Amino acid sequence: MKDIYCLSIESSCDETSMSIVKNGNTDIATVVFTQIDIHKKFGGVVPEIASRSHIESITIVLDELLEKAKMDMNDIDIIGVTYGPGLIGSLLIGVECAKTIALVTGKPLIPVHHIAGHIYANNLKERLSFPLIALVVSGGHTDLVYMKEDYSFQRIGSTLDDAVGEAYDKVAKILGLDYPGGPIIDKKATLGKDTYNLPYPLDDASFNFSFSGIKSAVVNLVHNEHQRGNDIRIDDMCTSFQKRVVAILTKKTKNALQEYNVKNLIVAGGVAANQGLRKSLEEMAKENDIHLSYPEIKYCTDNATMIGAAAYYAYQKGVRGDLTLNAKATDTLYQVFLNKNTDQD
Ligand code: KG4
Ligand code: ZN
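Residues numbered from 1 in each chain as written. Chains lettered and ligands numbered in written order. Predicted model: local features only at pLDDT ≥ 70, side-chain atom pairs only at ≥ 80, totals over all residues. Heavy atoms only, no water.

1. Re the overall build of the chain
- The secondary structure content of the chain amounts to ten helices and ten strands.
- In terms of C-alpha radius of gyration, the chain reaches 20 Å, essentially the compact-globule figure of 20 Å for 345 residues.
- Projected onto its principal axes, the C-alpha coordinates of the chain cover approximately 65 × 45 × 35 Å.
- Across the 345 residues of the chain, 55% fall into the buried class.
- For the chain, the accessible area works out to roughly 14600 Å², and carbon and sulfur atoms hold 51% of it.
- The average position of the 35 basic charges and that of the 43 acidic charges among the side chains of the chain differ by 3 Å. (Helix = DSSP H or I, 4+ residues; strand = E, 2+ residues; numbered from the N terminus. Rg over C-alpha atoms; globule rule 2.2 N^0.38 Å. Buried < 20%, exposed > 50% of the residue type's maximum accessible area, 1.4 Å probe, protein only. Areas by Shrake-Rupley, 256 points an atom, 1.4 Å probe, with all protein chains shown as cover. Lys, Arg positive; Asp, Glu negative; His and termini not counted. Charge placed at Lys NZ, Arg CZ, Asp CG, Glu CD.)

2. Quick notes on the sheet that holds strand β1 (residues 5–10)
- The five strands are arranged β3-β2-β1-β4-β5 in an open sheet whose pairing can be described as mixed. In this open sheet, the two edge strands, each paired with only one partner strand, are β3 (26–34) and β5 (109–113). Across the sheet, the mean angle from the axis of one strand to that of its neighbour is 20°, orientation sign disregarded.
- Relative to β5, strand β4 (residues 78–84) runs parallel, the two sharing five bridges. Its bridge partner being in β5, T82 is matched across the sheet by V112.
- On top of the sheet, helix α2 (residues 47–69) reaches β1, β2 (15–22) and β3; it is set at about 25° to β2, its chief contact.
- Of the strands in this sheet, β1, β2, β3, β4 and β5 touch helix α10 (residues 304–317), which is tilted by about 125° from β1. (Pairing = 2+ DSSP bridges. Axes fitted to C-alpha atoms, helices over the stretch in contact; angles between N-to-C directions. Contact = heavy atoms within 4.5 Å.)

3. What about the coordination of the zinc ion (ligand 2)?
- Looking at the zinc ion (ligand 2), the protein donor atoms are H114 (NE2), H118 (NE2) and D302 (OD), and they sit 2.0 to 2.1 Å from it.
- Linear spacing of the donor residues for the zinc ion (ligand 2) on their chain is H-x3-H-x183-D. Within this pair, H114 and its partner H118 are both found in helix α4 (residues 114–120), separated by four residues, close to a single helical turn. Neither residue differs from the other here; H114 and H118 are each classed as buried. (Donors = N, O, S within 2.8 Å, 3.2 Å for Na, K, Ca; no water.)

4. Focus on the environment of K107
- Summarising the element assignment, K107 is placed in the loop between α3 (88–105) and β5.
- For the pair K107 and I79, spaced 28 residues apart in sequence, the C-alpha to C-alpha distance is 6.7 Å.
- Beyond its immediate stretch of four places on either side in the chain, K107 contacts M73, N74, I76, D77, I79 and A102.
- A polar atom in the side chain of K107 sits 2.8 Å from the backbone oxygen of I76. (Polar contact = N/O pair within 3.5 Å; in protein donor to acceptor, adjacent residues only side chain to side chain.)

5. Points about the site of ligand 1
- Neighbouring residues of ligand 1: 18 residues in total, closest H118, G139, D169, G270 and N274.
- H114 is positioned such that a nitrogen or oxygen atom in its side chain is 3.0 Å from an oxygen atom of ligand 1.
- Here an oxygen atom of ligand 1 and a backbone polar atom of D302 are 3.1 Å apart.
- Contact with the protein chains covers 89% of the free accessible surface of ligand 1, which is 550 Å². (Near = heavy atom within 4 Å.)

6. Some points on the packing of helix α5 (residues 164–174) against helix α8 (residues 234–259)
- Between α5 and α8, the least distance of the axes is 12 Å, while the angle of their chain directions is 175°. One way to sum up the angle between α5 and α8 is to call them roughly antiparallel. Every residue of α8 that contacts α5 at V164, A167, Y168 and V171 is listed here: F241, Q242, V245, V246 and L249.
- Considering only residue class, the contact of α5 with α8 consists of eight nonpolar, one polar and no charged. (Parallel < 35°, antiparallel > 145°, perpendicular 65-115°, else oblique. Nonpolar A, V, L, I, M, F, W, Y, C, P; charged D, E, K, R; others polar.)

7. Some thoughts on the environment of D27
- Looking at where D27 falls in the secondary structure, it is placed in strand β3.
- A sequence separation of 282 residues divides D27 from A309, and the C-alpha atoms of the two residues are 8.6 Å apart.
- The contacts of D27, once residues within four sequence positions are left out, are S19, I20, Y299 and T305.
- A polar side-chain atom of D27 sits 2.5 Å from a polar atom in the side chain of Y299.

8. Thoughts on unusual backbone geometry
- Cis geometry marks the peptide bond from G84 to P85, where omega comes out at -10°.
- Looking at the element boundaries, P85 is found in the loop between β4 and α3.
- Of note, the amide linkage connecting F130 to P131 takes the cis form, showing an omega dihedral of -5°.
- In this structure, P131 sits in the loop between α4 and β6 (132–137).
- Even without a glycine there, the phi angle at K70 is positive, about 55°.
- Assignment of secondary structure puts K70 in the loop between α2 and β4.

Below, the structure written as structure tokens:
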């Protein structure tokens, strides 16, 4: 079969990224321009600044990518782009760029759901084995997804309020730590002791999650201690917080694997980089004879390589976009892909 080279674009949040991916599994070249330093001083992503930054950098990123890959547009077969969910102003820059390239070159345009990208980041490491359960843990999502086969997504559980990455970032902010807080809490969690009596997040029989309770518990505790003139033991707080979050993520994932009688588990999204979560899932997988895989650290947070990997399988399924393709800020059901449309309503 002829090799398929995908030029992919990801601009849903604060990374302007483009990649060339071969056959959905090989990273030929990737450029990620991260805006983290720009947003750091505001303690989080400022949407207006993010979209302006995407505009400034997107053509530079494209030039740099083609130079790095030593390729030109004639070498490209398909154009993959994140159409949503994410920040609307940021998504629009990537979508318009992809549509323009598709129009000028006449190559197929493949709209990709951002989370499908995170899931397919795993395919860059080893071929996905089906059926599988994907634990999706990012700044915007906490989902359990059942996949019977390639590019078939059934969400079986989701967060009822904050996403897990969002909870990490908010807790870090309360503790006076930098943005993004997830990796910092992860590091500090290895240094402290579990001394704070925080509640476990939604410990029930469902596959849903809730992180607002534990986040509020940290906020209240910090305020009360400050009012009493006491300092917070930051490392201990990180340990206590991470321990409970990881315990619930692991428990619900294990239940989902059992209920769906699935032996393959993948982890997707920025929080898949979390060392505490990896360790806990590894132990659970070993005990239950589960094949566990997570992406390389550089493919856990937002990047266009994962979008190129997903676009290949979307292309095989017949997913196509045209010049009416629009960015979509709010989440869409994963099932839209099975309908071979891009859910533009
Ligand atoms: O997937 P991602 O890059 O963007 C979204 O699609 O949301 O995820 C970003 C999130 C941030 O909330 C960040 O704090 C979190 O992933 N994150 C981590 C770690 N590395 C990134 N959270 C916990 N531990 C980490 N090591
Ligand atoms: Zn993401």
